[in-house]
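A closer look at the structure
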Amino acid sequence: MSATTADATAGPPLGSYPPAASTTPTRARERVTYDRALVHSILDAAYLCHLGFVADGRPVVLPTLYARDGERLYLHGSTGARALRHDGLPVCVTVTHVDGLVLAKSAFHHSINYRSVVVHGTARRVTDPARARAALDSLVNAVVPGRAEDCRPANAKELAATAVLELDLAEVSAKVRVGGPHDDPADLELPHWSGVVPVRTVNGTPLPAEDDGTRPELPRYLREFVA
């Protein structure tokens, strides 16, 4: 969703991210992949991440918007957050999609089907106004493609109140679970239902703002967005 035009014309990127100590799990290693195209597809299918960092000696995790631009993530923040005012902030970013609820015969083997990405690195403040505006456009379009061209761009005051961070995709891994439950053979004859409940997110019908006196028609990009 948030890939750049260059990405779209060049096709999916090839290769894999190199494993690192920060991206090597201690369990369920069979679910881990460093495939670059898969990582990008997981990131591009969402726009909400969890941004983790340490502030004043305490761990902080914030839900925030993000957008991918090639081998870089743009992250939205507020200049009111002290930790986000500084350049060179060590962070961990996670993105997760829940695709199904896995119900097993036993409580122990219940699970979820999911796709997730974890990114470690050092986030930097985007201070150049032109780059910050472009990053904010990417963030808006990551949520609703085409929306940045159909709204007023941020002015100087709004830019000053917004922290835009950039994070290189270098220390990256993806983790995926698919399939049904893995019950113990001794439990297979138990009289309990087992299987998978699919989970999906859908966009509802747009509701116009009550104070919108112009009452414009629903734009085409929104009609396509909810189709």
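Residues numbered from 1 in each chain as written. Predicted model: local features only at pLDDT ≥ 70, side-chain atom pairs only at ≥ 80, totals over all residues. Heavy atoms only, no water.

Per an unreviewed UniProt entry, the chain is named Pyridoxamine 5'-phosphate oxidase family protein, and its organism is Streptomyces triticirhizae.

Turning our eyes to something else, we now look at the overall build of the chain. Regarding its fold elements, the chain presents five helices and nine strands. Going residue by residue from the N terminus, the α and β elements of the chain occur as α-β-α-β-β-β-β-β-α-α-β-β-β-α. Projected onto its principal axes, the C-alpha positions of the chain cover 65 × 45 × 40 Å. Across the 227 residues that make up the chain, the buried fraction comes to 32%. Taking the intrachain contacts of the chain between residues at least 6 apart in sequence as the baseline, contacts between residues at least 24 apart amount to 72%. Entry remark: accessible area of the chain is about 13,600 Å², with carbon and sulfur atoms responsible for 57%. When the 24 basic and 26 acidic side-chain charges of the chain are each reduced to a single mean position, those positions are 3 Å apart. (Helix = DSSP H or I, 4+ residues; strand = E, 2+ residues; numbered from the N terminus. Buried < 20%, exposed > 50% of the residue type's maximum accessible area, 1.4 Å probe, protein only. Contact = heavy atoms within 4.5 Å. Areas by Shrake-Rupley, 256 points an atom, 1.4 Å probe, with all protein chains shown as cover. Lys, Arg positive; Asp, Glu negative; His and termini not counted. Charge placed at Lys NZ, Arg CZ, Asp CG, Glu CD.)

Let's shift gears to a nonpolar patch on the surface. Together, Val98, Leu101, Ile112, Trp193, Val197 and Val199 line one region of the surface with nonpolar side chains, adding up to about 480 Å² of accessible area. The topology assignment puts Leu101 in strand β5 (residues 89–103). (Patch = residues over 30% accessible without salt bridge, like charges linked within 9 Å, V, L, I, M, F, W, Y side chains within 5 Å. Salt bridge = Lys/Arg side-chain N within 4 Å of Asp/Glu carboxyl O.)

Our focus in this paragraph is the packing of aromatic side chains. According to the stated counting rule, one finds zero aromatic pairs in the structure shown. Taking the ring centre of Tyr17 as reference, the NZ or CZ of Arg36 above it sits at 4.2 Å. (Phe/Tyr/Trp six-rings, centres within 6.5 Å; stacked < 30°, edge-to-face > 60°. Lys NZ or Arg CZ within 6 Å of the ring centre and 35° of its normal.)

On to the side chain of Ser173. Tracing the backbone through its elements, the reader meets Ser173 in strand β8 (residues 171–177). When its relative accessible area of 10% is taken as the criterion, Ser173 is described as buried. Excluding anything up to four places from it in sequence, Ser173 contacts Thr23, Val32, Thr33, Tyr34, Ser116, Val117 and Val118.

This part is about the layout of surface pockets. Empty space within the largest pocket amounts to approximately 480 Å³. Around the largest pocket, the lining is made up of 20 residues, and of these Ala45, Ala46, Thr96, His97 and Thr201 lie nearest the centre. Among the elements of the structure, β2 (48–55) and β5 are those that each provide at least two residues to the lining of the largest pocket. Taken together, the residues of the lining of the largest pocket sort by class into eleven nonpolar, six polar and three charged. Reported here for the second largest pocket is a volume of approximately 370 Å³. Around the second largest pocket sit 16 residues that line it, and Asp212, Pro216, Leu218, Pro219 and Leu222 are the ones nearest its centre. Looking at the lining of the second largest pocket residue by residue, the classes come out as ten nonpolar, one polar and five charged. (1 Å grid on protein atoms, 1.4 Å probe; cavity = no way out; pocket = protein on both sides within 12 Å on 5 of 7 lines; lining within 4 Å. Points joined across faces, edges and corners; volume = space filled by probe spheres on them. Nonpolar A, V, L, I, M, F, W, Y, C, P; charged D, E, K, R; others polar.)

In the sheet, β2 pairs with strand β3 (residues 58–68) via eight bridges, with the strands oriented antiparallel. By the bridge assignment for β3, Gly52 is matched with Val61. Between β2 and β3, which pair antiparallel one after the other, the connecting turn spans two residues, and Asp56 there sits at a positive phi close to 55°. In this structure, the hairpin formed by β3 and strand β4 (residues 72–78) is closed by a connection of three residues, where Gly70 is found at a positive phi of approximately 65°. (Pairing = 2+ DSSP bridges.)

With the rule as written, the count across this model stands at ten salt bridges. For Arg68, the salt bridge is made with Asp44, and the minimal N-O distance between the two is 2.7 Å. Remark: Asp44 occurs in helix α2 (residues 36–44) and Arg68 occurs in strand β3; sequence separation between them is 24 residues. Residue class for Asp44 comes out buried when judged on its relative accessible area of 10%. One salt-bridge network, in which partners are shared between bridges, spans Arg72, Arg124, Arg131, Glu166 and Asp168.

For helix α3 (residues 129–143), with 15 residues, the first-to-last C-alpha span of 22 Å sits near the 21 Å given by 1.5 Å per residue. Along α3, the residues that are buried comprise Ala132, Ala135, Leu136, Leu139, Asn141 and Ala142. Here the buried face of α3 lies against β3, β4, α4 (156–160) and β7 (162–168). (Expected span 1.5 Å × (residues − 1).)

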